[in-house]
Amino acid sequence: MKPSRCIVGAVRPRSATKELALRSPGWLFAADGPKPAVKALAFDGFPIFDPRAMGARAASVLPAGGKELAQAWTNKLFALSWIETSAGRYSGFERLARGALDFAARSMGIALTDGQTSELVRVFHELPLWPDAMAGLEKLRSADIRLAFLSNLTEAMLQSAMDRNGLGKLMETPISTDRVSAFKPSPLAYAMGPKAFGLPKEQIGFVAFGGWDALGASWYGYRTAWINRLGVEQEPLEPSPTITSRDFSAVLKLANVAST
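None of the values given here were measured: they were computed from a predicted structure. (Residues numbered from 1 in each chain as written. Predicted model: local features only at pLDDT ≥ 70, side-chain atom pairs only at ≥ 80, totals over all residues. Heavy atoms only, no water.)

Enquirer: What is the right way to look at the packing of aromatic side chains in this model?
Expert: Given two aromatic rings, one states the distance between the centres and the angle between the planes to describe the pair. Per the counting criterion, the structure on display carries 14 aromatic pairs. When the ring of Phe 78 is compared with that of Trp 212, the centres are 5.9 Å apart and the planes differ by 70°; the resulting orientation is edge-to-face. With Phe 78 in helix α3 (residues 66–87) and Trp 212 in helix α10 (residues 211–220), this pair connects stretches of sequence that are 134 residues apart. Note on Tyr 190 and Tyr 222: the rings are 6.5 Å apart at their centroids and 80° apart in plane angle, and the pair reads as edge-to-face. On the criterion of sequence distance, the pair formed by Tyr 190 in helix α8 (residues 187–190) and Tyr 222 in the loop between α10 and β7 (223–227) is long-range, its members being 32 residues apart. Each member of the pair, Tyr 190 together with Tyr 222, is buried. Members of the aromatic cluster, each reached through a chain of ring pairs, are Tyr 190, Phe 206, Tyr 220 and Tyr 222. Note that Lys 76 overlies the ring of Phe 103, its terminal NZ or CZ placed 4.0 Å from the centroid. One residue, Lys 201, lies across the ring of Tyr 220, its end atom 4.6 Å from the ring centre. (Phe/Tyr/Trp six-rings, centres within 6.5 Å; stacked < 30°, edge-to-face > 60°. Helix = DSSP H or I, 4+ residues; strand = E, 2+ residues; numbered from the N terminus. Buried < 20%, exposed > 50% of the residue type's maximum accessible area, 1.4 Å probe, protein only. Lys NZ or Arg CZ within 6 Å of the ring centre and 35° of its normal.)

Spelled out as structure tokens, the structure:
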């Protein structure tokens, strides 16, 4: 009997494998092999909503020292969320925002009224868009990429800001960490993406505003676009984000959508 000429599990030459991957619809070729195309994108809130509104609101409420208060408030808010995440606790974003604001104000010797506190915290319901956000989201939806927020902000905050900026026609129901009572970068938070989209994480890209968030999403297994709008240093831990830019172009590249 002549030996069979069919070899089960034969390995294609590397060049042939790359050529096949590039020709195959719906797949992107990467250094470690072909990957499924991105079918959905999960966004942190701040690549789309401009958080500098916090400083502007604080300056309007407190003309003297408002911007400095906003910076101290932001720093404490993130610090508290990371403390709770590391301890497996959860207060919810609005409660944490109020606590961080009170701490920052007292630390600076500022006595806020209840009305001033409420006015400042309300900014999260009224955040404006970054200038390039709407056009970028429209391009993604035109390419049939599904879109949703996956954020530490409450669903009410996200939905309110979406409605104010006309994003309801582009984005699905926002995914708040309130669903799992765990702030990012907990894996529990990132794991909401596959459940919400009904897709494996390999088909979901994550879009981060903070380097720490890009890192957490990468650890979970997402391909990540880091919109480093403020030009801060990258976190000193591996892996690096899949794609980084100062504007929306990183997101379009991650989703393989033309920028023009």
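Read on, since the account is not over.
Enquirer: Which parts of the structure should I look at to understand the side chain of Ser 151?
Expert: Tracing the backbone through its elements, the reader meets Ser 151 in strand β4 (residues 146–151). You can call Ser 151 buried: its relative accessible area is 1%. A polar contact of 3.0 Å, which involves the side chain of Ser 151, links it to the backbone nitrogen of Leu 153. When near neighbours in sequence (up to four residues on either side) are disregarded, Ser 151 contacts Phe 43, Asp 44, Gly 45, Leu 158, Ile 175, Ser 176, Thr 177 and Lys 184. (Polar contact = N/O pair within 3.5 Å; in protein donor to acceptor, adjacent residues only side chain to side chain. Contact = heavy atoms within 4.5 Å.)

Enquirer: Help me understand unusual backbone geometry, please; the structure alone is not making it clear to me.
Expert: Going from Lys 184 to Pro 185, the amide bond is cis rather than trans, its omega being 15°. Tracing the chain through its elements places Pro 185 in the loop between β5 (175–176) and α8. Cis geometry marks the peptide bond from Glu 238 to Pro 239; its omega dihedral reads 5°. Along the polypeptide, Pro 239 turns up in the loop between β7 and β8 (243–245). Of note in the backbone geometry, Asp 144 takes a positive phi value of approximately 65° without being a glycine. When you line up the elements, Asp 144 lands in the loop between α6 (133–142) and β4. The phi torsion at Asn 256 lies on the positive side, around 60°, for a residue other than glycine. Looking at where Asn 256 falls in the secondary structure, it is placed in the segment after α11 (249–254).

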